[in-house]
2 protein chains.
Amino acid sequence: MPNQPNLDQLFHALADPTRRAMVERLGHGPASVGELAQPLAMSLPSVLQHVQVLEAGGLVRTEKVGRVRTCRLEPEALSLAERWIHERRAGWERRLDRLGDFLAGDDDLNG
Amino acid sequence: MPNQPNLDQLFHALADPTRRAMVERLGHGPASVGELAQPLAMSLPSVLQHVQVLEAGGLVRTEKVGRVRTCRLEPEALSLAERWIHERRAGWERRLDRLGDFLAGDDDLNG
DNA sequence: CGGTTGGTTAGGCATGTGGCTAAGTATTTC
DNA sequence: GAAATACTTAGCCACATGCCTAACCAACCG
């Protein structure tokens, strides 16, 4: 267990296009920090910073072997975020359904 | 490519516990700014700021009638976020499936 | 009209974020 | 062991965030 991701850090990690691009990239397979940096027109330290934010959000797990740090996606975090959003949306829709019933004049709801 | 210009603001809006609490609150029905403020132990201007962040992220729509501003949830935004996450997670799982096939020594994949 | 209510604007402050360069560390590789 | 590689750390800077208070509208209420 590397990181118990909290929603603050998780959503914060996703709130940046560079980091979302990294997530997409890692969706196709693990990559080193340097590989992540290549398409990014950004210095290596900045890339590393982003990786660390992703790690703090639990989205990415990294492992250093030799001098190369390999990053891979941690899908549980994505799943957690998805679940949070889905639950809120589901609750909203349930409410709308009841409202719809009410507006339809469904008097049977009383009995 | 699937870089909707407002995913930044959307996820940023969700990356704060106060704002997520507001989203949950609004999931139970519309509320005025003051009503949103009540459980929050925070000054009204700060609350308003959060509301504006939610609005910028498309999560909330507000309407001012008389002197009271009513806020309500905009579920399309939640849906957008959910979709983005789901697509990435689906892609990842597809990859893992293929990897599983490969590791199972399924040579037929070549032919 | 005058006061109260509900929100808004303005401005200030501490901290966080995202970027950089320069210099350091730890592995290969020669 | 020197040089190249792949990060990593440290330090700096500009701007954004999240909070506050004080002052300012704009409805309502009487």
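Residues numbered from 1 in each chain as written. Chains lettered and ligands numbered in written order. Predicted model: local features only at pLDDT ≥ 70, side-chain atom pairs only at ≥ 80, totals over all residues. Heavy atoms only, no water.

1. Here we look at the sheet that holds strand β1 (residues 31-32) of chain B
Residues and elements named next belong to chain B. Within the open sheet, the 3 strands sit side by side as β1-β3-β2. Their pairing is antiparallel. Here the strands that pair on one side only, and so sit at the sheet edges, are β1 and β2 (60-65). Across 2 bridges, the pairing between β1 and strand β3 (residues 68-73) is antiparallel. Residue Ala-31 lies in a different strand from β3, and its bridge partner there is Cys-71. Seen against the sheet, helix α2 (residues 17-27) touches β1, β2 and β3 and runs at an angle of roughly 90° to β3. (Pairing = 2+ DSSP bridges. Helix = DSSP H or I, 4+ residues; strand = E, 2+ residues; numbered from the N terminus. Contact = heavy atoms within 4.5 Å. Axes fitted to C-alpha atoms, helices over the stretch in contact; angles between N-to-C directions.)

2. Notes on the nonpolar core
The biggest cluster of nonpolar side chains holds 55 residues, and the ones touching the most others in it are Phe11(A), Leu59(A), Phe11(B) and Leu59(B). With 7 residues, helix α5 (residues 75-103) of chain B is the single largest residue contributor to this core. (Core = buried A, V, L, I, M, F, W, Y, C linked by side-chain atoms within 4.5 Å. Buried < 20%, exposed > 50% of the residue type's maximum accessible area, 1.4 Å probe, protein only.)

3. Focus: the relation of the copies chain A and chain B
The operation relating the pair of chain copies consists of a rotation about an axis and a translation along that axis. The two copies are related by a screw operation: chain A maps onto chain B through 180° of rotation and 0.0 Å of translation along the axis, at an RMSD of 0.1 Å. When the rotation and shift are considered jointly, the pair of chain copies conforms to a two-fold rotation axis. Comparing interface residues between copies, 100% of those in chain A also lie at the interface in chain B; the contact surface is shared. (Least-squares fit on C-alpha atoms with pLDDT ≥ 70 in both.)

4. Let's talk about the protein's contact with DNA strand C
Around DNA strand C, the structure places 21 residues, and the nearest of them are Ser46(A), His50(A), Leu48(B), Arg67(B) and Arg69(B). Backbone atoms, meaning sugar plus phosphate, form 62% of the atoms of DNA strand C positioned within 4 Å of the protein. Between DNA strand C and Gln49(A), the relevant distance is 3.3 Å, taken from a base nitrogen to a side-chain nitrogen or oxygen of the residue. Taking Arg67(B), its side chain carries an N or O atom lying 2.4 Å from a base oxygen of DNA strand C. Contributing elements (two or more residues each) for the surface near DNA strand C: α4 (44-56) of chain A together with α3 (33-37), α4 (44-56) and β3 of chain B. No other element matches the 4 residues that α4(A) contributes to the surface near DNA strand C. A per-class count over the surface near DNA strand C returns 7 nonpolar, 8 polar and 6 charged. (Near = heavy atom within 4 Å. Polar contact = N/O pair within 3.5 Å; in protein donor to acceptor, adjacent residues only side chain to side chain. Nonpolar A, V, L, I, M, F, W, Y, C, P; charged D, E, K, R; others polar.)

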